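Structural overview for review
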Amino acid sequence: MSTPTDNTITFEQVGTTMMACPEALMEQEHRLLTILQGQVAFEISPDGALILTGSDSRKIQARQ
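Residues numbered from 1 in each chain as written. Predicted model: local features only at pLDDT ≥ 70, side-chain atom pairs only at ≥ 80, totals over all residues. Heavy atoms only, no water.

Moving on, we get to the overall build of the protein chain. Helix and strand counts for the protein chain stand at one helix and four strands. Order of helices (α) and strands (β) in the protein chain, N terminus to C terminus: β-α-β-β-β. With the C-alpha coordinates aligned to their principal axes, the bounding extent of the protein chain is approximately 35 × 30 × 20 Å. Counting every position in the protein chain, which comprises 64 residues, the buried fraction comes to 17%. For the protein chain, the proportion of contacts with a sequence separation of at least 24, taken over those separated by at least 6, is 32%. Accessible surface, the protein chain: about 5,100 Å² in total, of which carbon and sulfur atoms supply 54%. The distance from the centre of the 4 positive side-chain charges to the centre of the 8 negative ones in the protein chain is 7 Å. (Helix = DSSP H or I, 4+ residues; strand = E, 2+ residues; numbered from the N terminus. Buried < 20%, exposed > 50% of the residue type's maximum accessible area, 1.4 Å probe, protein only. Contact = heavy atoms within 4.5 Å. Areas by Shrake-Rupley, 256 points an atom, 1.4 Å probe, with all protein chains shown as cover. Lys, Arg positive; Asp, Glu negative; His and termini not counted. Charge placed at Lys NZ, Arg CZ, Asp CG, Glu CD.)

Laid out in structure tokens, this is it:
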């Protein structure tokens, strides 16, 4: 993982457990891993959600 600059970060390798789980969760994991490829922009929304934007402009939000 690179050091964040200008609200972007680059992940060099992302590991997973390769365990089988329900199809919906596997699809969610696949979408997240796709977004994390290449340079990823990040921001915190006014309501506190983490928003990641992939190099292909796809977004995903994480809430506590």
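This part is about the confidence of the model for the protein chain. Detailed reading of predicted coordinates is not advised where the pLDDT is low. Summarising the model, the protein chain shows a mean pLDDT of 85, and 92% of its residues fall at 70 or more. The secondary structure element of the protein chain with the lowest average pLDDT is helix α1 (residues 23-35), at 87, and the one with the highest is strand β3 (residues 50-53), at 94. (pLDDT = per-residue confidence, 0-100.)

With that settled, consider the pattern of salt bridges. When their charged atoms lie close together, side chains carrying opposite charge are able to pair. Applying the stated criterion across every chain yields a total of two salt bridges. For R31, the salt bridge is made with E27, and the minimal N-O distance between the two is 4.0 Å. One end of the pair is R31 and the other is E27, both in helix α1 and four residues apart, which spans about a single turn. By relative accessible area, R31 is classed as partly exposed at 37%. You can call E27 partly exposed: its relative accessible area is 36%. (Salt bridge = Lys/Arg side-chain N within 4 Å of Asp/Glu carboxyl O.)

Right, let's get into the sheet that holds strand β1 (residues 8-10). The strands that make up a sheet are held in pairs by hydrogen bonds between backbone atoms, and each pair lies either parallel or antiparallel. The antiparallel open sheet is built from four strands, whose spatial order is β1-β2-β3-β4. Since the sheet does not close on itself, it has two edges, and those belong to β1 and β4 (59-62), each with one partner. Strand-to-strand, the axes of this sheet are offset by a mean angle of 30°, without reference to chain direction. Where β1 lies against strand β2 (residues 39-44), three bridges are found, and the strand directions are antiparallel. Counted as the bridge partner of T10 is Q39 from β2. Relative to β4, α1 is tilted by about 115°, and along the sheet it contacts β2, β3 and β4. (Pairing = 2+ DSSP bridges. Axes fitted to C-alpha atoms, helices over the stretch in contact; angles between N-to-C directions.)

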